[in-house]
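Each chain, letter by letter, is given below.
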Amino acid sequence: MTDNEPNWEWYRTFLNVLETGSLSAAARKMGLTQPTVGRHIDSLEDALALKLFTRSFDGFAPTDAALELAPYANGVAATAAALRRVASSHGSGVRGTVRLTASEVIGVEVLPPILAALRSEHPQLTIELVLSNAVDDLLHREADIAVRMVKPTQEALVARRVGGVEIGLHAHKRYLAAHGTPKSMEDLAGHAMVGFDHETPFLRKLQVQFPAFARAGLAFRADSDLAQLAAIRAGYGIGVCHVALAAKDKSLVRVLKSRFAPALDTWIAMHEDLRESPRCAATFAALAAGLGAYIRQP
């Protein structure tokens, strides 16, 4: 390694080239010119005395060194982003940027009115929303606050359970008119079922109790919650939806309520070091109140 200390911006460029596979695509994503991106990569390679990419027929291929460095570069990027968020928050009142992560359905269907009300109360607050079903590592500041349907297990977190989101089986009225309404869980075998593509430990446990959710029997498979919800709304078949969310759509009908009515624990978590941060405290409180109201609605 040379004495030329790498610039943090070079690491961000490195990660974008790694993700997109080309200088031009990384440049478009970052709003830079292709020569600038190329210079960043050349400078990082010189500083580290390593070859990070080789040209291939379809773009830039990462070397073994690049793949090994990627997790550390992600850590640098997360730390730099957290530093900028903290710096932006200094001043009087609730201000600055809060990076929030939530599942697709919660982030798209539930949080917008909560966040809009929060913004009206604190106009100097900026929200970065990451839609992900993965459990982000709050300890490494990949996000400031997480809304999750599982209890956080990491230490050094402030976590609050806001309740259980009831889920149920739903279908569009048009689908039920054409195919009939199932009277038992066994009847679901004769219906077009909507579910996940890739199995998880949670889904495998669900399939033991409810065989209708076995992947082989699904007529529509998608790992995106929003894609599944769109399929249900379009009349494709029967699938799982938040009861409170479906209640807002008169065209959706709940089926087999007495046989399928689990609840997903809903938690809000943030790093304990952010407890005294006005921007995070205000956002945390707004999320707790808004999600609590969503869960309690009839």
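Right above here is the structure, for reference.
Only a predicted model underlies this, so the values are computations on that prediction, with no experimental measurement involved.

A. Inspection of the packing of aromatic side chains at higher detail. Taken as a whole and assessed by the stated rule, the structure comprises six aromatic pairs. Between Phe14 and Phe53, the ring centres sit 5.8 Å apart and the planes meet at 55°, which makes this aromatic pair tilted. Here Phe14 is found in helix H1 (residues 8-20), whereas its partner Phe53 is found in strand E1 (residues 53-56), with 39 residues between them in sequence. One exposure class covers both Phe14 and Phe53, and it is buried. Ring centres of Phe220 and Tyr236 lie 5.1 Å apart, and the angle between their planes is 65°; on these two criteria the pair is classed as edge-to-face. Here the residue Phe220 occupies a position in strand E8 (residues 220-221), and Tyr236 occupies one in the loop between helix H8 (225-233) and strand E9 (239-242), the gap between them amounting to 16 residues. An aromatic cluster of at least three residues, connected via ring pairs, comprises Phe14, Phe53 and Phe60.

B. Representation of the pattern of salt bridges within the structure. Counted under the stated rule, the structure contains eight salt bridges. For the salt bridge of Arg12 with Glu9, the shortest nitrogen-to-oxygen distance reads 2.6 Å. Within this pair, Arg12 and its partner Glu9 are both found in helix H1, separated by three residues, close to a single helical turn. On the basis of relative accessibility, which here comes to 34%, the residue Arg12 falls in the partly exposed class. Take Glu9: its relative accessible area is 29%, and that puts it in the partly exposed class. The shortest N-O distance in the salt bridge between Arg215 and Asp197 comes to 2.6 Å. In this pair, Arg215 is assigned in the loop between helix H7 (201-209) and E8 and Asp197 in the loop between strand E7 (194-195) and H7, connecting sequence segments 18 residues apart. Classification of Arg215 by relative accessible area gives partly exposed; the value is 31%. Classification of Asp197 by relative accessible area gives partly exposed; the value is 23%.

Reading guide: rules and limits
Residues numbered from 1 in each chain as written. Predicted model: local features only at pLDDT ≥ 70, side-chain atom pairs only at ≥ 80, totals over all residues. Heavy atoms only, no water. Phe/Tyr/Trp six-rings, centres within 6.5 Å; stacked < 30°, edge-to-face > 60°. Helix = DSSP H or I, 4+ residues; strand = E, 2+ residues; numbered from the N terminus. Buried < 20%, exposed > 50% of the residue type's maximum accessible area, 1.4 Å probe, protein only. Salt bridge = Lys/Arg side-chain N within 4 Å of Asp/Glu carboxyl O.

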